[in-house]
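Reading the structure
Here are the chains, one letter per residue:
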Amino acid sequence: MKYFKKSFLLLLTISSFQTLFAQEKLLTDFPKGDTPQEVGKRLAYHFIDGRHDLYAGRFIHYAEVCTWNGALDYAVKTNDQKLIKLLQEKFEPFFTTEKVLLPPMNHVDYNMFGSLALKLYQITKEERYKTLGLAYADTQWDVPTNAKAEENAWADKGYSWQTRLWIDDMYMITVVQSEAYKVTGDRKYLDRAAKEMVLYLNELQRPNGLFYHAPDVPYYWARGAGWMAVGMPNLLRLLPADHPDRSRIMEGYLAMMKSLKSYQGEQGMWNQLIDEPDFWPETSGTGMFAYAFIVGVKEGWLDATSYAPAARKAWLTMVPYIDQRNNVTEVCVGTGKKNDKQYYYDRPRNAGDLHGQAPYLWCATELLGE
């Protein structure tokens, strides 16, 4: 009997190891042309040659910032010094000839530009990046003298005066505050991000784990939900185990992941409205959800036997949506909230829209391992 027990435990250990190894291979072993190294390189270098994406022709758009950050993360992960140099050189004119394109520090979508400057500081250690980036992070909480009553009300409760309860804000706020924390080590930035995220969880997450676009817009728009899917695991990676908001954020993350898995299409994609089977598959939301799965599996938060195959299926389905010009296709354009289901179905789709290029770069970087 004793020998039998030892043999059984040995077989169980070997079986568990083989299962774990098989799941890890799902996120590391890809066919030629579909590898994260190849895809990341295609998209990152394509970004270098692209024109700026501007708000009304005036200020750098947050989608460009997200893609830039993704390209930098990919460059660092692959130790591509040439790419790092090109991405830094692309930023250089913001200190001189393109300074006019810097977003003003007065809107949730504008202030997240600071995350890019702070990421560049972490790579180069040049103080000018830190100074610029922290200005955007700090003014997200420093209430201006001309603030509206509603903005002051949010600030009085300890939230950013730029709070709107639109689902994408959750990423725009937490990304710059998180990068400020990485640069300074000052806990206030991390606490700000966590407090804000819990607010959005409590206000926008539904019992099924998904998120409305806004309290008055009861639709599960893929990319809108995607900002939360990306923002939660990114913040969870930074929060200490004993942080008072960590358990609430983890609860929200796990609930969302469970629901997303149930709505993933047979081919691996998610639709423009997540719960509408007759809507079209959308690439930016799919990329964001795939990223959330990949991080969860790597961190041990999600069951690898269930979520690694789902992440792999999503990635392998996403790659063919990149056209010969290295543009991600079937990307929903920028979308304000509207309480109209048909509005979401009719949204235009742009090839190369940076809302789609960014999540692909995030996935590629995560799939490259540690």
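No experiment lies behind these values; they were computed from the predicted model shown.

**Quick look at the environment of Leu132**
- Relative to the elements of secondary structure, Leu132 occurs in helix α7 (residues 127-139).
- With 98 residues separating them along the chain, Leu132 and Asp34 place their C-alpha atoms 37 Å apart.
- Residues contacting Leu132, with those up to four places away along its chain left out, are Phe91, Phe95, Leu102, Phe113 and Ala117.

**Re the packing of aromatic side chains**
- This model, assessed by the stated rule, comprises 29 aromatic pairs.
- Residue placement shows Lys90 over the ring face of Phe47; its charged tip is 5.0 Å from the ring centre.
- The ring centre of Tyr159 lies 4.7 Å from the NZ or CZ of Lys195, which sits over that ring.

**What about the nonpolar core?**
- Membership of the largest hydrophobic core comes to 116 residues, with the highest contact counts inside it found for Phe91, Phe113, Ile249 and Met257.
- Sequence-distant contacts of Phe113, defined by excluding residues within four places in its chain, comprise Ile60, Val65, Phe91, Phe94, Leu102, Pro103, Leu132 and Tyr136.
- Among the nonpolar cores identified, the runner-up in size contains ten residues, and Tyr219, Trp221, Leu273 and Trp280 belong to it.

**Structural notes on unusual backbone geometry**
- Although it is not a glycine, Ala56 adopts a positive phi angle of roughly 50 degrees.
- Its location among the elements puts Ala56 in the loop between β1 (54-55) and β2 (59-60).

**Quick look at the packing of helix α3 (residues 62-77) against helix α4 (residues 81-91)**
- In contact at an axis separation of 9 Å, α3 and α4 are set at 150 degrees when each is read in the N-to-C sense. Viewed along their axes, α3 and α4 adopt a mutual orientation that is roughly antiparallel. In the packing of α3 onto α4, the handedness of the crossing is left-handed. Residues Glu64, Trp68, Ala71, Leu72, Tyr74, Ala75 and Val76 of α3 lie in contact with α4, whose contacting residues are Leu83, Ile84, Leu87, Lys90 and Phe91.
- For the contact of α3 with α4, the per-class residue count stands at ten nonpolar, no polar and two charged.

Conventions we followed
Residues numbered from 1 in each chain as written. Predicted model: local features only at pLDDT ≥ 70, side-chain atom pairs only at ≥ 80, totals over all residues. Heavy atoms only, no water. Helix = DSSP H or I, 4+ residues; strand = E, 2+ residues; numbered from the N terminus. Contact = heavy atoms within 4.5 Å. Phe/Tyr/Trp six-rings, centres within 6.5 Å; stacked < 30°, edge-to-face > 60°. Lys NZ or Arg CZ within 6 Å of the ring centre and 35° of its normal. Core = buried A, V, L, I, M, F, W, Y, C linked by side-chain atoms within 4.5 Å. Buried < 20%, exposed > 50% of the residue type's maximum accessible area, 1.4 Å probe, protein only. Axes fitted to C-alpha atoms, helices over the stretch in contact; angles between N-to-C directions. Parallel < 35°, antiparallel > 145°, perpendicular 65-115°, else oblique. Left-handed = near helix turned anticlockwise from the far one by under 90°. Nonpolar A, V, L, I, M, F, W, Y, C, P; charged D, E, K, R; others polar.

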